[in-house]
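Descriptive analysis of the structure
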Amino acid sequence: MQPFINDSELVPEKVKVVSSAASALCTWIRAVETYARVYRIVQPKKDRYEKAMLELADKQNLLEQSKTELTSIQQRIESLRIEYELKMKEKDTLQRDAEKTAMFLDRATKLLDGVAEKRMIWDRTANELKENLENLLGNSLLACAFLSYMGPFLSDYREEIVHQIWEKEFNRNGIRFQTDFNFAKFMSTPTMIREWNIQGLPRDNFSTENAIVATRNQSFSLCKKNKFDFHSIRFVLSLVVIDPQCQASKWIKQMEKSNGLKIIDLQMRDYLKILEECIKMGRPCLCQNLHDDLPQTLNSILLKSLKKSSDSPSSFVLQIADREIPYNSSFRFYLSTRLSNPRYKPEIYSKVNLINFAIKEQGLEEQLLGIVVRKEKPELENAKDNCIVTIANKHKEKEFLEEEFLRLLSKTQGSLLENLQVFQALDLSKQSQKDIDETLKLNEDLEMKIDLTREHYRLVAQRAAILFFVLQDLTSIDSMYQFSLESYIQLFSLSIEKSSKSLKIQERIEKLNDYHTYAVYKYGCRVIR
């Protein structure tokens, strides 16, 4: 057929000139040939297209399956991720719980170990407290009576009244009390007594009792109540101290030094002005050198003439003469007399608390021992002073740590193991306790060695103390024979300096005793002549 198709004469236009039918047949032939030629080109492509479409459909089905599987896998991954996060959170929680449990276990072990160390002390303290609780009523009655009535009496009378009169009445009325009742132990602590001794209080039981009466029997509540309000203020009871040797005055000056103590004398022109300033500012005031009577100007202070302030309902004023002085409840008023047996009027005793601070032989002996050792072995006495201060501070620190630990234990809300402060306090207590115990052991051993060395000079102090009280007994002959402790201490110091020296302690003590005895003899003769 191709030669005919390629024949240029056999085209519809030229054939049409000859025959229209032939022209149509020629057109149809050519169309069939074109169709055949195109068909041969297109049909394979259509076959490939159909095949490709079938393959595409397969691939799309496979893709859809893959997408479905991917979605399922993604969902599984998401669920696994969520589960992983939950498990990780659970793991973190369990880890925290494990760490917390381990910490609690460690704390519990520390607490048990710490408490085990203190158990014996606490058991002993608990037994003592139980016994004290049973005897509390009787002991408190004895202490209150002692505070109220024993101030003016010497130690012999105090012991007689307490042990031979009051205790018998308690037994007769079935009131329980501690059989070996000691006022000083009941009303104070060893730490407090050491601090007073450092401040200059003589180291005897009589002086300790006086210090307790002076510090514990000073204040009471003065209240005013009406239909609408209630006001209260602590008023300090004034103290009159019988202090012929000025021991109490020295102690008060040291004790109140940090509080801005003011010292007055009734012979001073402006003593009332200083006293008014102390009342306003709440400072302690010491009035020295009282005689047998108290001036009328002090009556308003001694009688506690307080009234409510018109400016402030919660504050009080003290009426002094025609003036109203704002009253500060921190004000403390001490009065001291050097008269050994003052003859105050009965009404004075209703205004003040009287305390007899006359020195005892034991207290004077300790003072004189300190003086002679300081003169003979100054480094020894300085070491003794340092030991006393160190031991007092360490005992105070030890007591504070124990009280702080017990306070945290008692105030803990909820689980004790969750309170970090308790274990910090326990760790600090254990660390400090070891250091404190070591320091106390070293200082107490050192103090014992120092005391053994100091005891060599005890005979000197005993002789000197006895001689002073021999001089004091001369007042029974005539009241004009008064001897000052200050001048006697100067005489004693002079005897130490002027007596013959010796490297042998016993020989030195004999020479010192002989010299001082003769010095006191000459001193007494000079006074009597």
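These numbers were taken from a predicted model, which means no experiment stands behind them.

The next point concerns the overall build of the protein. Across its full length, the protein holds 18 helices and 10 strands. Computed over the C-alpha atoms, the radius of gyration of the protein is 53 Å, more than 25% above the 24 Å expected from 2.2 N^0.38 for a compact globule of 529 residues. When the backbone C-alpha atoms are referred to their principal axes, the protein occupies close to 195 × 70 × 55 Å. Across the 529 residues that make up the protein, the buried fraction comes to 36%. Taking all contacts inside the protein whose residues are at least 6 apart in sequence as the whole, residues at least 24 apart take part in 70%. For the protein, the accessible area works out to roughly 32700 Å², and carbon and sulfur atoms hold 55% of it. If you average the places of the 78 positive and of the 75 negative side-chain charges in the protein, the two averages end up 4 Å apart.

We now examine the packing of aromatic side chains. Counted according to the given criterion, the structure contains 11 aromatic pairs. For the ring pair phenylalanine 181 and phenylalanine 186, a centre distance of 5.8 Å and an interplane angle of 55 degrees mean the geometry is tilted. Take phenylalanine 181: its relative accessible area is 6%, and that puts it in the buried class. Between the aromatic rings of tyrosine 327 and phenylalanine 331, the centroid separation amounts to 6.5 Å while the plane-to-plane angle is 80 degrees, which identifies the pairing as edge-to-face. Judged by relative accessible area, phenylalanine 331 falls into the buried class, the value being 2%. Through a chain of ring-to-ring contacts, the aromatic side chains of Trp196, Trp251 and Phe357 assemble into a single cluster. If you follow lysine 360 out to its NZ or CZ, it ends over the ring of phenylalanine 206, 5.9 Å from the centre.

A few words on the sheet that holds strand S4 (residues 262–265). Across the sheet, five strands lie side by side as S4-S5-S9-S3-S10; this open sheet has parallel pairing. Whereas interior strands pair on both sides, the edge strands pair on one side only; in this sheet they are S4 and strand S10 (353–356). On average, each strand axis in the sheet is inclined to that of its neighbour by 25 degrees, with strand direction left out of account. Bridge count for S4 against strand S5 (residues 284–288) is four bridges, and the pairing is parallel. Along S5, the bridge assignment pairs lysine 262 with cysteine 285. Helix-sheet contacts for helix H9 (residues 247–255) involve strand S3 (239–242), S4, S5 and strand S9 (332–337), and the interaxial angle to S5 is about 160 degrees. Of the strands in this sheet, S4, S5 and S9 are in contact with helix H10 (residues 271–281), which crosses S4 at around 150 degrees.

Of the volumes computed, that of the largest pocket is approximately 1300 Å³. Along the wall of the largest pocket there are 27 residues; nearest its centre are Thr125, Glu128, Ser188, Thr189 and Pro190. Mapped by element, the contributors of at least two residues to the lining of the largest pocket are helix H3 (20–134), helix H6 (183–187), helix H7 (190–198) and helix H14 (378–411). Among the elements that take part in the lining of the largest pocket, H3 stands out by supplying nine residues, more than any other. The calculated volume of the second largest pocket comes to roughly 760 Å³. Contributions of two or more residues to the lining of the second largest pocket are made by H7, H9, helix H13 (361–376), H14, helix H15 (420–454) and helix H17 (485–498). The class makeup of the residues in the lining of the second largest pocket is eight nonpolar, eight polar and 12 charged.

Cut-offs and rules
- Residues numbered from 1 in each chain as written.
- Predicted model: local features only at pLDDT ≥ 70, side-chain atom pairs only at ≥ 80, totals over all residues.
- Heavy atoms only, no water.
- Helix = DSSP H or I, 4+ residues; strand = E, 2+ residues; numbered from the N terminus.
- Rg over C-alpha atoms; globule rule 2.2 N^0.38 Å.
- Buried < 20%, exposed > 50% of the residue type's maximum accessible area, 1.4 Å probe, protein only.
- Contact = heavy atoms within 4.5 Å.
- Areas by Shrake-Rupley, 256 points an atom, 1.4 Å probe, with all protein chains shown as cover.
- Lys, Arg positive; Asp, Glu negative; His and termini not counted.
- Charge placed at Lys NZ, Arg CZ, Asp CG, Glu CD.
- Phe/Tyr/Trp six-rings, centres within 6.5 Å; stacked < 30°, edge-to-face > 60°.
- Lys NZ or Arg CZ within 6 Å of the ring centre and 35° of its normal.
- Pairing = 2+ DSSP bridges.
- Axes fitted to C-alpha atoms, helices over the stretch in contact; angles between N-to-C directions.
- 1 Å grid on protein atoms, 1.4 Å probe; cavity = no way out; pocket = protein on both sides within 12 Å on 5 of 7 lines; lining within 4 Å.
- Points joined across faces, edges and corners; volume = space filled by probe spheres on them.
- Nonpolar A, V, L, I, M, F, W, Y, C, P; charged D, E, K, R; others polar.

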